[in-house]
Amino acid sequence: MSAGANSAAARRGRFITLEGVDGAGKSTHLEWLVARLREAGLDVVQTREPGGTPLAEKLRELLLNEPMRLDTETLLMFAGRCEHVRTVIEPALARGQWVVCDRFTDATYAYQGGGRGLAAGRIAVLEQWVHGDLQPDVTWLFDVPLDVSRERLGRGRTLDRFEREDDAFFERTRAAYHARAEADPARFRIIDSTRPIEAVRAELAAQLRACIDQAAGA
Ligand code: ADP
Ligand code: MG
């Protein structure tokens, strides 16, 4: 690799995604992860999908609340993702910022693919179109079984269209996440999120340190 390529790679920030079924703990750990990165002196953009731009947040409202065809749902997911990638994620990474995103394309494979049964090849076409050259550097997959998810979601929040799906949908979604992780072990870190929050954080802290050191070339 040339020196120029090396310095370009060093300038690029890291793209971290948080994945997992509803109630797995993504949002709980997102702010904490971002705070740890900022403490380490890194410039961090915190974002989420569906959403992350004004237009994509409008699409999120539709996606989470409005009944629609599966193809429509998948296309809208990628329409929002296109805005998000082009206007937020890619520019931030190019500036050397780190991007931490609550869900990304793995969620489409898990929910529209696994949960709803859309052929993975359809998703792959859209993925290639919208972010063919961009993949997360690290993906934390927060993993919990059905009973834990249900118990946590039951704590008073209003459930959206996906969270209201039945047990079989949950199991297909979780299995699709596991299959994604098995297919790309270099990118995925599976987190047993049934443990207490502090135990999860101790594991995350160690993995985050390794990630920061690796990015710094240590
Ligand atoms: P997600 O964003 O993955 O859907 P949340 O982070 O919103 O999940 O967590 C769902 C609920 O479970 C919240 O009430 C949160 O406080 C709780 N929770 C998350 N992780 C744990 C944990 N390790 N132990 C106990 N409760 C947790
Ligand atoms: Mg959440």
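Just so it is clear, the structure is predicted and the values come from calculations on it, not from any experiment. (Residues numbered from 1 in each chain as written. Chains lettered and ligands numbered in written order. Predicted model: local features only at pLDDT ≥ 70, side-chain atom pairs only at ≥ 80, totals over all residues. Heavy atoms only, no water.)

Engineer: Can you break down the layout of surface pockets residue by residue, with the values?
Structural biologist: Estimated volume of the largest pocket: approximately 730 Å³. Looking at the largest pocket, it is lined by 33 residues, and the ones nearest its centre are Asp22, Gly23, Lys26, Ser27 and Arg157. Looking at the lining of the largest pocket, the elements with two or more residues in it are α2 (26-39), α3 (54-65), α4 (70-94), α5 (105-115), α7 (146-153) and α9 (197-215). Residues that form the lining of the largest pocket fall into these classes: eleven nonpolar, eight polar and 14 charged. (1 Å grid on protein atoms, 1.4 Å probe; cavity = no way out; pocket = protein on both sides within 12 Å on 5 of 7 lines; lining within 4 Å. Points joined across faces, edges and corners; volume = space filled by probe spheres on them. Helix = DSSP H or I, 4+ residues; strand = E, 2+ residues; numbered from the N terminus. Nonpolar A, V, L, I, M, F, W, Y, C, P; charged D, E, K, R; others polar.)

Engineer: Explain the site of ligand 1 to me, and be specific about the residues and the numbers.
Structural biologist: Around ligand 1, the surrounding shell holds 15 residues, and the nearest of these are Gly23, Gly25, Lys26, Thr28 and Arg195. Between Arg152 and ligand 1, the recorded distance is 3.2 Å, taken from a side-chain N or O atom to a nitrogen atom. Within the backbone of Arg195, an N or O atom sits 2.7 Å from a nitrogen atom of ligand 1. Here ligand 1, which alone exposes 560 Å², has 80% of that area covered by the protein. Among the cavities detected, the one that contains ligand 1 is the largest pocket. Looking at the shell around ligand 1 element by element, the count peaks at three residues for α2. (Near = heavy atom within 4 Å. Polar contact = N/O pair within 3.5 Å; in protein donor to acceptor, adjacent residues only side chain to side chain. Areas by Shrake-Rupley, 256 points an atom, 1.4 Å probe, with all protein chains shown as cover. Sits in = over half its atoms within 2 Å of the grid points.)

Engineer: A description of the UniProt feature "binding site: ATP" (unreviewed entry) in the protein chain should follow, citing residues and the corresponding values.
Structural biologist: Per the UniProt record, "binding site: ATP" (unreviewed entry) is found at Gly20, Val21, Asp22, Gly23, Ala24, Gly25, Lys26 and Ser27. Put simply, the named residues that line the largest cavity are Asp22. When its relative accessible area of 3% is taken as the criterion, Val21 is described as buried. For Val21, the residues in contact, after removing those within four places along its chain, are Lys26, Arg103, Tyr111, Phe142, Val144, Phe170, Thr173, Arg174 and Tyr177. (UniProt positions renumbered as here; feature names shortened; annotations may be inferred. Buried < 20%, exposed > 50% of the residue type's maximum accessible area, 1.4 Å probe, protein only. Contact = heavy atoms within 4.5 Å.)

Engineer: Which residues make up empty space enclosed by the protein, and what values do they have?
Structural biologist: The final tally for this structure, using the stated rule, is two cavities of 30 Å³ or more. In this model, the largest cavity occupies a volume close to 70 Å³. As for the largest cavity, its lining consists of Asp22, Tyr111, Ser149, Arg150, Leu153, Phe162, Glu163, Glu165, Asp166, Phe169, Phe170 and Thr173. Mapped onto the lining of the largest cavity, the elements with two or more residues apiece are α7 and α8 (167-183).

Engineer: Which residues make up the pairing of strand β4 (residues 138-143), and what values go with them?
Structural biologist: Burial analysis of β4 places six of its six residues in the buried class, the great majority of the element. Burial along β4 is two-sided: Val138, Trp140 and Phe142 and Thr139, Leu141 and Asp143, pointing in opposite directions, are all buried. Of the strand pairs in this sheet, strand β1 (residues 15-20) and β4 are connected by five bridges, and their pairing is parallel. What sits directly across from Ile16, in β4, is Val138. Where β4 lies against strand β5 (residues 188-192), five bridges are found, and the strand directions are parallel. Pairing of Thr139 across the sheet is with Phe188, part of β5. (Pairing = 2+ DSSP bridges.)

Engineer: Residues and numbers for unusual backbone geometry, please.
Structural biologist: Cis rather than trans, the peptide bond between Glu49 and Pro50 has omega equal to -10°. Mapped onto the fold, Pro50 is located in the loop between β2 (44-48) and α3. One non-glycine residue with positive phi stands out, namely Arg103, at about 75°. As for its position among the elements, Arg103 is in the loop between β3 (98-102) and α5.

Engineer: Describe the packing of α2 against α9, and please don't skip the residues or the numbers.
Structural biologist: Packed helix pairs are specified by the crossing angle of their axes together with the interaxial distance, meaning the distance between the axes. Packing of α2 against α9 brings their axes to within 11 Å, and their N-to-C directions diverge by 40°. Classified by the angle between their axes, α2 and α9 sit oblique to one another. As for how α2 packs across α9, the hand of that crossing is right-handed. Residues Thr28, His29, Trp32, Leu33, Arg36 and Leu37 of α2 form the contact with α9, whose participating residues are Ile197, Val200, Arg201, Leu204, Ala205, Leu208 and Ile212. Of the residues contributing to the contact of α2 with α9, the split by class is nine nonpolar, two polar and two charged. (Axes fitted to C-alpha atoms, helices over the stretch in contact; angles between N-to-C directions. Parallel < 35°, antiparallel > 145°, perpendicular 65-115°, else oblique. Left-handed = near helix turned anticlockwise from the far one by under 90°.)

Engineer: Any details on the UniProt feature "domain: Thymidylate kinase-like" (unreviewed entry) in the protein chain? Residues and values, ideally.
Structural biologist: Mapped onto the present numbering, the UniProt feature "domain: Thymidylate kinase-like" (unreviewed entry) falls on residues 18-203. End-to-end, the C-alpha atoms of residues 18-203 are 14 Å apart, and along that stretch the chain is 57% helix and 13% strand.

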